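Summary of the model geometry
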Amino acid sequence: MSRIGRLPVKIPAGVTVSFADDTLTVKGALGTLTQKVDSKISVEVKGDEVLFTRASDSKPVKALHGLYRAICQNMVNGVSKGFTKTLVIAGVGYKAQKQGNKLVLGLGFSHPVEVTEPAGITFEVTSPTEVVVKGADKVAVGQCAASIKAIKKVEPYHGYGIHYKDEVVIRKEGKTAGK
């Protein structure tokens, strides 16, 4: 069996998991998430655990077995604790501020860049150079953070741009004077 797929997913207090019509639904304090599950994978909710079993031992089905178990684990963690991605804005005069449900970024362009919060995602500006993207859906949080990061990629000589807080920015050496 798949080493990941065979592990049960523990359901914490305050979270309910249900499976009907090939759809896995997880409800918790931070929201409700749903995921369509392939018919080759069967899901069983027993007490405070979710178990995944597969119909055959073919390679694609083995991959799906671990995939759906990992997705379920992320859904349970998302509705109970939530996910965050922290972005750092580096550059002279670069800043971020929140106006209602919009994130307004000053990134050296001739105009401010506005990013609207998608459904289920919230932006938090902890300082003018730090933005936290929060939400229950791990994929949506990662995609939203990546799209904000793509607005101004990190420039390799000075390090100006937007990057993740835990990301190592590789800097290039500039031109040197004559010998």
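Overview of the structure. Nothing here was measured: the structure is a model prediction, and the numbers come from that model. Every chain begins its residue count from 1, and numbering advances along the sequence as written. Since the coordinates come from a predicted model, pLDDT governs what is reported: local features require at least 70, and pairs of side-chain atoms require 80 or more to be given and counted, while whole-chain, interface and lining totals use all residues. Each side-chain value is worked out from all heavy atoms of the structure, with water and hydrogens disregarded.

Turning next to unusual backbone geometry. For Asp-21, which is not glycine, the phi torsion reads 55 degrees and is therefore positive. You can see Asp-21 is positioned in the loop between β2 (16–20) and β3 (23–28). The way it works is that DSSP assigns letters per residue, a run of H or I at least four long becomes a helix, a run of E at least two long becomes a strand, and they are numbered from the N terminus.

Pairing is possible between side chains of opposite charge, provided their charged atoms come close. Each reported salt bridge corresponds to a side-chain nitrogen of Lys or Arg within 4 Å of a carboxyl oxygen of Asp or Glu. All chains considered together, the criterion is met by eight salt bridges. For Glu-44, the salt bridge is made with Lys-46, and the minimal N-O distance between the two is 3.8 Å. Assessed through its relative accessible area of 41%, Glu-44 is described here as partly exposed. Between Lys-134 and Glu-124 there is a salt bridge, with its nearest N and O atoms 2.8 Å apart. Here Lys-134 is found in strand β12 (residues 130–135), whereas its partner Glu-124 is found in strand β11 (residues 121–127), with 10 residues between them in sequence. Each residue gets one of three labels from its accessible area relative to the maximum for its type: buried under 20%, exposed over 50%, partly exposed in between, using a 1.4 Å probe on protein chains only. Given the relative accessible area of 31%, Lys-134 is considered partly exposed. On the basis of relative accessible area, Glu-124 is assigned to the partly exposed category, the value being 34%.

Turning to the sheet that holds strand β8 (residues 95–99), a few remarks are in order. The strand order β8-β9-β10 describes an open sheet built from three strands, whose pairing is antiparallel. The sheet terminates laterally at β8 and β10 (113–116), the two strands that pair on one side only. Taken pair by pair, the neighbouring strands of this sheet meet at an average axis angle of 25 degrees, ignoring direction. DSSP calls a pair of strands paired once it identifies at least 2 bridges connecting them. Summarising the sheet, β8 and strand β9 (residues 102–106) pair through five bridges and their orientation is antiparallel. What sits directly across from Gln-99, in β9, is Lys-102. Orientation is described by axes fitted as lines to C-alpha atoms, over the contacting stretch for helices, and by angles from 0 to 180 degrees between their N-to-C directions.

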